[in-house]
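# Notes for the structure review
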Amino acid sequence: MKATYIAITIAAVFIGGALLFGAGGSGESVDPPGNNVSIVDGKQIIDMRAKGGYSPRSVTARAGIPTILRFHTSGTFDCSSSLRIPSLGVSRYLPSTGTTDITIDDPQVGPLQGMCSMGMYRFRINFQQ
């Protein structure tokens, strides 16, 4: 009987440790550090990550500059791979791993809202002068 309790306690410690270390083991943060907006050859590039939602969830960018929304996926099998940007008429499935570009020729001042097909995961790009 005592051996059973010891075995259960040891198993609980190992399982608890695995859960504790496994929860933070992916190394992914909610929002990537640094600025995800750059201008290359006269085009504004906004880098976004799609996995378990969109990251970053809020971005500030400049209006009036041809813009590329660049979505990066890596083992993405959740709803965030089904991208919608209603105001642009965009409805697209992102590959589970890869990069997908969406071009906006002349973004106007104001917010641009995007989401997954269920509306559960959302992001916003605030275009300013």
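Predicted model, so just to flag it, every value in this text is computed and none were measured.

## Here we look at the environment of Ser96
- With respect to the secondary-structure elements, Ser96 resides in the loop between β7 (90-93) and β8 (97-104).
- In this structure Ser96 comes out as partly exposed when scored by relative accessible area, which is 29%.
- For the pair Ser96 and Lys51, spaced 45 residues apart in sequence, the C-alpha separation works out to 9.1 Å.
- Ignoring sequence-local partners within four residues, the contact set of Ser96 consists of Thr73, Ser74, Gly75, Thr76 and Phe77.

## Considering the sheet that holds strand β4 (residues 58-62)
- The five strands lie next to each other as β4-β10-β9-β6-β7, forming an open sheet whose pairing is mixed. Looking at strand neighbours, the two that pair on one side only are β4 and β7, the edges of this open sheet. The mean inter-strand angle of the sheet, taken between neighbouring strand axes irrespective of direction, is 20°.
- Across five bridges, the pairing between β4 and strand β10 (residues 122-128) is parallel. Note on β10: the bridge partner recorded for Val59 is Ile125.

Scoring rules and cut-offs
- Residues numbered from 1 in each chain as written.
- Predicted model: local features only at pLDDT ≥ 70, side-chain atom pairs only at ≥ 80, totals over all residues.
- Heavy atoms only, no water.
- Helix = DSSP H or I, 4+ residues; strand = E, 2+ residues; numbered from the N terminus.
- Buried < 20%, exposed > 50% of the residue type's maximum accessible area, 1.4 Å probe, protein only.
- Contact = heavy atoms within 4.5 Å.
- Pairing = 2+ DSSP bridges.
- Axes fitted to C-alpha atoms, helices over the stretch in contact; angles between N-to-C directions.

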